[in-house]
Structures are given as C-alpha cells and as structure tokens.
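Residue-level listing of the chains:
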Amino acid sequence: MCGIVGLFLKNKALEPELGSLMAKMLGTMCDRGPDSAGFAIYGSGNREHVKLTLRAASADTDFAALAKKVEAAIGAPVTVETHATHAVFKLPTASEDKARQAIEGSSCGVKVVGAGTRMELYKEVGRPDAVAKRFDLAHMAGSHAIAHTRMATESAVTTDGAHPFSTGRDQCLVHNGSLSNHNGLRRQLERKGLHFETENDTEVAAGYLTWRMSEGASLGEALQKSLTDLDGFYTFVVGTENGFGVLRDPIACKPAVMAETDDYVAFGSEYRALAGLPGIDKAKVWEPEPATVYFWEHH
Amino acid sequence: MPVVDLEVTSLRDFNQMLHGLGDGTNETYFRVINPRGRHAIAAGIDAAVTVEIDGNAGYYCAGMNKQATVIINGSAGVGVAENMMSGSVRVKGDASASAGAAGCGGLLVIDGNASGRCGISARGIEIVVKGSVGHMSAFMAQAGTLVVLGDAGEALGDSIYEARLFVRGEVKSLGSDCIEKPISDGHKDKLGKLLEEAGMGGEVDLSEFRRFGSGRTLYHFHMDNLGAY
C-alpha cells in the first residue's frame, strides 16, 4: 500500500493555495504510507534559469556557503531558498554543468536530486504530515504538484527510497504498487549505461522512462511502452513541466480516483484525499481506466 | 429521525451504535451527512433499519449487511456491500472495484457504473448495475445474479461457477470457461422480477439481454485445461 495525491490547477487564481491544498491531501493519505513522503511542486520559472533541488544529509548544512562557492565557480549570482534539509538553487541555465561540478566537488555530502525550469522536489523519511510541515509545503505556490506517502515493500525505508523519483528535467514519477521484474530490468538498463542509487523498484521504473525518452520517445509513448515491459502492480503518476499523467496497470490492482472541476484536475489513491477540495461536491469524480495513459497539460 | 454528522460523531461510535440495534428497535432511519469518503460506514448492521448516506462513501460501505437498507446518495469506494447476507444496498452514483464481493444474499443496485471485479466471488447476492461494469466482473462467482444494463469489460465471468450473468450491452471479452447460454422465458421472468425489485421495472426491453454462465469445464483438473488454470 502507498498513497498518491496530485493536483493540477486550471484556475490561476488558486495557484497561491496549491501548497495548502496539497498538504491537506497528503495528510489524509498518512495511513496508506507512514514510512516516508515526498512531493514535487511546479512553481514559477523561466527558460534562462534552472532550478536545482539539493538534498543534504542534515539540516545543519550551510547552503548559503555552498551557494557562494557555486557563484564563484560560475561567475553569476545564485538564488537560494532553503527548506530544512533541502535547498533550491536558481542559476543561469547555461551555467548548470559548472554549478553541478562545483556542488559535487565541494564534498559536503549534498546531492542534486532534481533539476528543471519549474520543478522542486522534496522527500524525507517520517510521517507524511510531519514531512510536509518540515518543508513548509502549505506555503508553497505553483500550478501543479504530485505527492506520495510510502509503505515500503520492495526496499528499505530511506530517503533515497522515498518518492518522487526524478526521471529527467522537470519530470518525476510516483508509484503505488510493486514491480516483479525490476531486478532483471535494472540489469538491462545498467548495461545501457544507466546508474541506480537504490534497490528500489520504482527507481527502475523511473530509469526505464528516462531511457525510453533518451531513445526519442515522448513521455506518453514511454508510458505506453511500459505496459509491455514492466511486470507487476502499479498506479503511476508522472509530473511534467506543464502537467501530469496517470497510468494504471492492465488489471488496475491499485486504487485511483480522479476529480475534475472548472478549477482543477485532482488525483487521489482514495476519495478521502479529494474530499476537502473546494467545489468537490459538484466535481466530476471517476476512476481512470486500466492500461490507459491520461495526460492533463497547460498549453 | 437521527441525523449523524460524521464530522462530529466518530464513525466508530456510529457503527457501534448500529451494531447495538436489536430486532424491534424504535429507531429505524438514520441520515448520515459528511461521509467524505470514510471507510466502512454502516458496515456490519444486523437490523431492519434504513441508513441513508448523503455524499460519497469510502471502502467497504455497508459490508456484511444483514436486513438493513443502505442508500448512498453519492459514489462508493472499493468493496461496497462486500459479503452482504441480506437486505439491500443502493448506490446512486458509481461504485469502485469489487462491488458486492463475496456477497451471500441481498440486493445491490448501482445506478451509475461499477469498476472492475464487480461481483467477484459472489455467493448468492443479486447485483443490478444500471451503467457498465469493468474488467473481470463476476470472477469466480459461485451463485447469485449479476445484471448489467450497459456494457461489460474484459474477461467477464472468468472461472465462474454457477452464478447467472445478464448483459444488455456489449461484452468486451469472456473469461476462462464463461460461455453464452440461451435465455428462456423462465430466465426472462426472473430477470423482470429482479429489475422490478431494483426499481427499474419496464425501463428496458428484456429481449435485449444476453445470458452468460459457466461452461463447467474447469470444475475438475484436466490436463488439457492446464493453460486455463
């Protein structure tokens, strides 16, 4: 069991409330996954700048000092926003490679866990409501977000094993279920040059999508292909720069409920997660079909 | 007429109170407000009372029901009326997966659509779905009836025993050992009575239904059937 929630806003006026709505949704899914939690939120951004989400082993890490080192290395200003063990560095897109080298070279145990124009990615072990509070999700704004509460089955309870998993720039994946062919698939993907941090099955699914897209597939095509190559139970929700997608395995083993109004499209593992959304009583509520790729995007 | 607000009264207290109702109780009608998708609302009742739920219910609503009438003015989560023994449950909206699972008796009516595995392992329950049902409905159903006014998804009646299935719309595919069977006047009479009981008498032409049931080839192990087990 795990819990997934997602919210894609159609009404821009709701954007300042995205974080508070998501925090409530995530909180209701605590008992589906009390081990760890994480979320990806798509806030403001522009093509000239990249947002790097950094994760440190402890909250004592001096992100400001690290930012100074990065500024010196790239010769451009870096904006820093710190949330407990995580920080988002915003810097010129052209300097990304140099910035990554400076961060890796600083040997302060900080990892770049997400990159993109708009995506910020936070995850941690602990009860989901406590994790959301720690990162102050309730005060974050954005156009859409996805979040996950984990009850670990396939690998250890660690921050690395928490969801979401980044699948590429501005892209991430959360998963409810368990894959049965992840060890074989991991070996195949490693032979193709991919690197995995954990024994986690979802990381393999994320790596699989990354590999498919590196071969030229769109995210929709990659998800479609995963129906034949991934064996097991899954409800996937993927976040992209402009929206989010949903895919359930062909026997729809894991639950999924969606709600749509003029203001938003929302996803929940259970209806309980959606019950507090504004206008839910008038929303169209339905279950996504098995083996069908769904997408909602801003154009 | 007690109104139970689940934002005020704890669900556990409400269910406990329902379980304490005996035969001849004077309180025979309860209205539940603010269900907000909570699980196991009105599960385990054994009394001839009516519970009407205003809003969407979560998992296992009215599970194990005996005698009671439970009406959901909204949609229901996974396993509505699972293991029902008698009485009736009506869902005015849609039902999630495994509606009426393993039910032994009683009547489940779903005005909207039901998701996958509707009537899985049914053991005597009667289910009427006004809309369509999802994949693997009536999987391993042993006894009882499933009536679908709309369409049925993939693998209908997979590994079915002796339950009767009636579908008015299209059937995407039949599961292992589920076959179409002729529909007699006797079947139509029973179907008509069941639809009347479900409040849909005269709404549809009975000749539009097709009947499905067990081919009875999987009852005992047979080497030639290995692929189908």
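Residues numbered from 1 in each chain as written. Chains lettered and ligands numbered in written order. Predicted model: local features only at pLDDT ≥ 70, side-chain atom pairs only at ≥ 80, totals over all residues. Heavy atoms only, no water.

Caption draft 1: Examining the overall build of chain A more closely. Secondary structure assignment for chain A yields seven helices and 16 strands. Compactness check: chain A gives a C-alpha radius of gyration of 18 Å against a globular reference of 19 Å for 299 residues, within 12% of the reference. Split into buried and exposed, the 299 residues of chain A put 56% on the buried side. When contacts within chain A are restricted to residue pairs at least 6 apart in sequence, those whose partners lie at least 24 apart make up 72%. (Helix = DSSP H or I, 4+ residues; strand = E, 2+ residues; numbered from the N terminus. Rg over C-alpha atoms; globule rule 2.2 N^0.38 Å. Buried < 20%, exposed > 50% of the residue type's maximum accessible area, 1.4 Å probe, protein only. Contact = heavy atoms within 4.5 Å.)

Caption draft 2: Looking closely at the layout of surface pockets. Residues and elements named next belong to chain A. Approximately 1000 Å³ is the volume attributed to the largest pocket. Here the lining of the largest pocket is composed, by residue class, of 23 nonpolar, 16 polar and 11 charged. In this structure, the second largest pocket spans a volume of roughly 720 Å³. Contributing to the lining of the second largest pocket are 27 residues, with Val113, Ser166, His195, Glu197 and Glu203 lying nearest its centre. Among the elements of the structure, α3 (96–105), β6 (111–116), β7 (119–125), β9 (165–168) and α6 (201–214) are those that each provide at least two residues to the lining of the second largest pocket. At five residues, the largest contribution of residues to the lining of the second largest pocket is made by β6. (1 Å grid on protein atoms, 1.4 Å probe; cavity = no way out; pocket = protein on both sides within 12 Å on 5 of 7 lines; lining within 4 Å. Points joined across faces, edges and corners; volume = space filled by probe spheres on them. Nonpolar A, V, L, I, M, F, W, Y, C, P; charged D, E, K, R; others polar.)

Caption draft 3: Representation of the packing of aromatic side chains in the model. Per the stated rule, a full pass over the model turns up 12 aromatic pairs over all chains. Arranged with centres 5.7 Å apart and planes meeting at 85 degrees, the rings of B:Tyr59 and B:Tyr60 form a pair that is edge-to-face. Judged by relative accessible area, B:Tyr59 falls into the buried class, the value being 14%. Residue B:Tyr60 is classed as partly exposed on the basis of its relative accessible area, which comes to 40%. Cluster of aromatic residues (ring-pair linked, three or more members): A:Phe8, A:Phe244, A:Trp286, A:Tyr294 and A:Trp296. Over the face of the ring belonging to A:Phe165 we find A:Lys123, whose NZ or CZ atom lies 4.2 Å from the ring centre. A:Lys284 extends its terminal NZ or CZ atom over the ring of A:Trp286, reaching a point 4.3 Å from the ring centre. (Phe/Tyr/Trp six-rings, centres within 6.5 Å; stacked < 30°, edge-to-face > 60°. Lys NZ or Arg CZ within 6 Å of the ring centre and 35° of its normal.)

Caption draft 4: Highlighting helix α2 (residues 63–74) of chain A. Residues and elements named next belong to chain A. A rise of 1.5 Å per residue sets the reference length of α2, with its 12 residues, at 16 Å; its end C-alpha atoms lie 16 Å apart and thus fit the reference within 8%. The complete set of buried residues in α2 reads Phe63, Leu66, Ala67, Val70 and Ile74. One side of α2 holds all its buried residues, which, seen down the axis, span an arc of 100 degrees. Opposite the buried face of α2, at more than 90 degrees from it, the exposed residues are Lys68 and Ala72. Buried positions along α2 lie against β3 (49–55), β4 (79–83), β5 (86–92) and α3. For α2, the capping residue at the N-terminal end is Asp62, with a side-chain oxygen 3.3 Å from the backbone nitrogen of Ala64. Just downstream of α2, Gly75 is the residue with a positive phi angle, here 65 degrees. (Expected span 1.5 Å × (residues − 1). Arc of directions from axis to C-beta. Polar contact = N/O pair within 3.5 Å; in protein donor to acceptor, adjacent residues only side chain to side chain.)

Caption draft 5: Quick peek at the domain arrangement of chain A. Residue and element names in this part refer to chain A. In terms of domain boundaries, chain A breaks down into domain 1 (2–43 + 127–297) and domain 2 (45–117). Taking the mean C-alpha position of each, domain 1 and domain 2 sit 25 Å from one another. Domain 1 puts 13 residues into the contact, and the matching count from domain 2 is 17 residues. When the buried surface of domain 1 facing domain 2 is broken down by residue, Arg134, Phe135 and Arg169 rank first, second and third, together holding 44% of it. Between domain 1 and domain 2 we count five salt bridges in total. At the junction of domain 1 with domain 2, the criterion picks out seven residue pairs in polar contact (both at pLDDT 80 or more). Partitioning the side of domain 1 that touches domain 2 into residue classes produces two nonpolar, four polar and seven charged. (Domains from an automatic or database assignment. Buried area = accessible area lost by both parts, 1.4 Å probe. Salt bridge = Lys/Arg side-chain N within 4 Å of Asp/Glu carboxyl O.)

Caption draft 6: Seen up close, the sheet that holds strand β11 (residues 232–240) of chain A. All names here are of chain A. The strand order across the open sheet built from five strands is β9-β10-β11-β12-β16, with neighbouring strands paired in antiparallel fashion. The two strands at the open ends of the sheet, each matched to only one other strand, are β9 and β16 (294–297). Neighbouring strand axes in the sheet, compared pairwise and without regard to direction, differ in orientation by 20 degrees on average. Alignment of β11 against strand β12 (residues 243–248), held across six bridges, turns out to be antiparallel. (Pairing = 2+ DSSP bridges. Axes fitted to C-alpha atoms, helices over the stretch in contact; angles between N-to-C directions.)

Caption draft 7: Representation of empty space enclosed by the protein within the structure. Inspection of every chain in the model, using the stated rule, returns two cavities of 30 Å³ or more. As for the largest cavity, its lining consists of A:Cys2, A:Arg150, A:Met151, A:Ala152, A:Thr153, A:Glu154, A:His163, A:His175, A:Gly177, A:Asn200, A:Asp201 and A:Thr202. Broken down by secondary-structure element, the contributors of at least two residues to the lining of the largest cavity are β10 (171–179) and α6 of chain A. Among the residues making up the lining of the largest cavity, the classes are represented as three nonpolar, six polar and three charged. Estimates place the volume of the second largest cavity at around 30 Å³. Around the second largest cavity, the lining residues are B:Gly119, B:Ala122, B:Ile127, B:Ala138, B:Ala141, B:Thr145, B:Leu146, B:Ala163 and B:Leu165. Of the residues belonging to the lining of the second largest cavity, the class tally is seven nonpolar, two polar and no charged.

Caption draft 8: Summary view of helix α5 (residues 182–191) of chain A. Residues and elements named next belong to chain A. Turning to α5, its buried residues number three or more, namely His182, Leu185, Arg186 and Leu189. Taken around the axis of α5, the buried residues stretch over an arc of 105 degrees, which confines them to a single face. Turned more than 90 degrees from where α5 packs its buried face, Arg187 and Arg191 sit exposed. Where α5 is buried, its residues contact β10, α6 and α7 (219–229). Looking one or two residues beyond α5, the residue adopting positive phi is Gly193, at roughly 100 degrees.

Caption draft 9: Fine view of the packing of α2(A) against α3(A). Residue and element names in this part refer to chain A. Relative to each other, α2 and α3 sit at 135 degrees, their axes nearing to 9 Å. The angle between the axes of α2 and α3 places the two elements in the oblique class. The handedness of the crossing between α2 and α3 is right-handed. Of the residues in α3, those in contact with Leu66, Val70, Ala73 and Ile74 of α2 are Lys98, Ala99, Ala102 and Ile103. (Parallel < 35°, antiparallel > 145°, perpendicular 65-115°, else oblique. Left-handed = near helix turned anticlockwise from the far one by under 90°.)

Caption draft 10: Geometry of the sheet that holds β5(A). All names here are of chain A. The four strands are arranged β4-β5-β3-β6 in an open sheet whose pairing can be described as antiparallel. Looking along the sheet, the strands with just one partner apiece sit at the ends: β4 and β6. On average, each strand axis in the sheet is inclined to that of its neighbour by 20 degrees, with strand direction left out of account. Here β3 pairs with β5 via seven bridges, running antiparallel. From the neighbouring strand, Arg55 faces β5, where its bridge partner is His86. Together, β3, β4 and β5 form the strand contacts of α2, whose direction differs from that of β5 by roughly 20 degrees. In this fold α3 packs onto β3, β5 and β6, with an angle of close to 20 degrees to the strand it touches most, β3.

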